[in-house]
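If you want the building blocks of each chain, they are given just below.
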Amino acid sequence: MALETHRLPYLCEAHRSLAVVVEGAGVFRQRTATTDDDVRLAVFEAGDERKPTVLLVNALGISVLFMAALAKRLARDHHVVTWESRGLPDFDAFDPEVDLSIRQQALDAVAVLPRPAKAVHAIVAFCSGANIAAYAVANGLLDTQRLCLISPSIELPDALEKSDYQRTMLPLWPKVVTGGTRYAALVRALLQKGADTEGGDDNPALSLLNGLPFDTAESTYRYAQLQAACLEVDWSRHLARIRPPTLVLHCDEDAIIHAQTSQAVARCIPGALFRGVPGSGHFGVHTSSSLQAAVAAYLARAPITHHI
């Protein structure tokens, strides 16, 4: 049975009337999974369960609806599984003391698989979700035949050029964690002054969905916890341990993650390929048919040109 929008309780009535929400919800079936630390996660599936499984790892704290277009494309040939991260976007579903560490989130990626297993056909991760996917693969928590990272928000010392978001906002998240909800309220106010919070694309509906983690000072604080956890990892060391064939995709007009970051990630992973996708920005994971086709082609083992 297709997912109904009322089963995404963090959406208000205005969100539920958006075409991107209605169409996106129709892509998925929903179930729940219980993690090793007894946290219940909302899990979403598409496609025939008898086909090879592709695990989609969304940006941390962001609605599963961002994955809908890509899931729909991949579901033609695969069984697609994804989930919404612990903590957000459904703020009220989680205890304030829930473990938000990268390792625990990587263990969640194992828990959401439909049956006890640690091997999947492919893992496709977007933005900060790339931290979870990379950690899980590098540390042997998940085995995969192919890994695809889309605009990975993974901070590396040799990526000298950064976007405005990477220069100004990423360093703020650990400070928000230290400063508490009062500081989170100040950062939230600053975010609301901008045209969007983390988008960089001219898509009002997606910008609204993308802003859901910043609904309150408390949710902004939790988002800061999720992002700060990503900055605590020595990614150069972890990425060097990744062995499956890996493709790093980067939308050429991405204003949130700089191309040098994606290129640096590709250089750190042995044998990884890098490919730029023209004509779309950070929301290309949802809006770009070219990006979706590139992912599908890679999973089908079509040849990819390597150019960094």
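Further up the page is the structure itself.
Owing to the predicted nature of the structure, the values given are computational and were not obtained by experimental measurement.

Visitor: Account for the overall build of the chain, with residues named and values stated.
Guide: For the chain, the helix and strand inventory stands at 13 helices and 8 strands. Relative to the 2.2 N^0.38 estimate, which gives 19 Å for 308 residues, the radius of gyration of the chain is 18 Å and therefore close to what a compact globule would have. By principal-axis analysis of the C-alpha atoms, the chain measures approximately 50 × 45 × 40 Å. Sequence-distant contacts, at least 24 apart, represent 75% of the contacts inside the chain between residues at least 6 apart. A total accessible area of about 12,500 Å² is found for the chain, and carbon and sulfur atoms account for 51% of it. In the chain, which carries 28 positive and 33 negative side-chain charges, the distance between the mean positions of the two groups comes to 6 Å.

Visitor: Explain empty space enclosed by the protein to me, and be specific about the residues and the numbers.
Guide: For the structure on display, the rule yields 2 cavities of 30 Å³ or more. Here the largest cavity defines a volume of roughly 60 Å³. Considering the residues around the largest cavity, the lining is formed by Val57, Asn58, Ala59, Leu60, Gly61, Ile62, Trp83, Glu84, Ser85, Gln105 and Ile132. Here the residues of the lining of the largest cavity are counted per class, giving 6 nonpolar, 4 polar and 1 charged.

Visitor: Outline the packing of aromatic side chains, listing residues and values.
Guide: Applying the stated criterion across every chain yields a total of 5 aromatic pairs. Arranged with centres 5.9 Å apart and planes meeting at 65°, the rings of Phe28 and Phe44 form a pair that is edge-to-face. Of the two residues, Phe28 is situated in the loop between α2 (19-25) and β1 (29-34) and Phe44 in strand β2 (residues 40-46); the sequence distance between them amounts to 16 residues. The exposure class assigned to Phe28 is buried, which follows from its relative accessible area of 1%. Relative to Tyr223, the ring of Phe214 lies with its centre 4.8 Å away and its plane at 70°, an arrangement referred to as edge-to-face. Each member of the pair, Phe214 as well as Tyr223, carries the same accessibility label: buried. Clustering of aromatic rings is evident, with ring pairs tying together Trp173, Phe214 and Tyr223. Over the face of the ring belonging to Tyr298 we find Arg146, whose NZ or CZ atom lies 4.4 Å from the ring centre. In this structure, Arg222 is placed above the aromatic ring of Phe91, and the distance from its NZ or CZ to the ring centre is 4.0 Å.

Visitor: Go over the pairing of β2 with me, naming the residues and quoting the values.
Guide: Most of β2 sits inside the fold, with 5 of its 7 residues counted as buried. Where β1 lies against β2, 6 bridges are found, and the strand directions are antiparallel. Across the sheet, residue Thr32 finds its bridge partner in β2, namely Ala42. Linkage of β1 to β2, two consecutive antiparallel strands, is achieved through a turn of 5 residues, within which Asp38 is found at a positive phi near 65°.

Visitor: So what's going on with helix α11 (residues 259-268)? Residues and values would help.
Guide: Of the residues making up α11, those classed as buried are Thr261, Ser262, Ala264, Val265, Ala266 and Cys268. The inward-facing, buried residues of α11 contact β6 (143-150), α6 (164-168), α10 (235-239), β7 (246-251) and β8 (273-277).

Visitor: Which residues make up the side chain of Glu84, and what values do they have?
Guide: Summarising the element assignment, Glu84 is placed in the loop between β4 (79-83) and α4 (102-111). A distance of 2.8 Å separates a polar side-chain atom of Glu84 from the backbone nitrogen of Val64. In contact with Glu84, not counting residues within four places along its chain, are Leu8, Tyr10, Leu41, Ala42, Phe44, Ser63, Val64 and Pro89.

Visitor: If you had to explain the sheet that holds β4 to someone new, which residues and values would you point to?
Guide: Strand order in this open sheet of 8 strands is β1-β2-β4-β3-β5-β6-β7-β8, and the pairing throughout is mixed. Unpaired on one side and paired on the other, β1 and β8 mark the two borders of the sheet. Sheet twist, expressed as the average angle between the axes of neighbouring strands with direction ignored, equals 25°. Across 4 bridges, the pairing between strand β3 (residues 53-57) and strand β5 (residues 119-126) is parallel. Note that in β5 the partner of Val54 across the bridge is Ala122.

Visitor: Could you give me a rundown of α4, with the residues and numbers involved?
Guide: Among all positions of α4, only Ile102, Gln104, Gln105, Ala106, Asp108 and Ala109 are buried. Those residues of α4 that are buried lie in contact with β2, β3, β4, α5 (129-138), α9 (217-230) and α10.

About the cut-offs
- Residues numbered from 1 in each chain as written.
- Predicted model: local features only at pLDDT ≥ 70, side-chain atom pairs only at ≥ 80, totals over all residues.
- Heavy atoms only, no water.
- Helix = DSSP H or I, 4+ residues; strand = E, 2+ residues; numbered from the N terminus.
- Rg over C-alpha atoms; globule rule 2.2 N^0.38 Å.
- Contact = heavy atoms within 4.5 Å.
- Areas by Shrake-Rupley, 256 points an atom, 1.4 Å probe, with all protein chains shown as cover.
- Lys, Arg positive; Asp, Glu negative; His and termini not counted.
- Charge placed at Lys NZ, Arg CZ, Asp CG, Glu CD.
- 1 Å grid on protein atoms, 1.4 Å probe; cavity = no way out; pocket = protein on both sides within 12 Å on 5 of 7 lines; lining within 4 Å.
- Points joined across faces, edges and corners; volume = space filled by probe spheres on them.
- Nonpolar A, V, L, I, M, F, W, Y, C, P; charged D, E, K, R; others polar.
- Phe/Tyr/Trp six-rings, centres within 6.5 Å; stacked < 30°, edge-to-face > 60°.
- Buried < 20%, exposed > 50% of the residue type's maximum accessible area, 1.4 Å probe, protein only.
- Lys NZ or Arg CZ within 6 Å of the ring centre and 35° of its normal.
- Pairing = 2+ DSSP bridges.
- Polar contact = N/O pair within 3.5 Å; in protein donor to acceptor, adjacent residues only side chain to side chain.
- Axes fitted to C-alpha atoms, helices over the stretch in contact; angles between N-to-C directions.

None of the figures reported here should be taken as evidence of function without further support.
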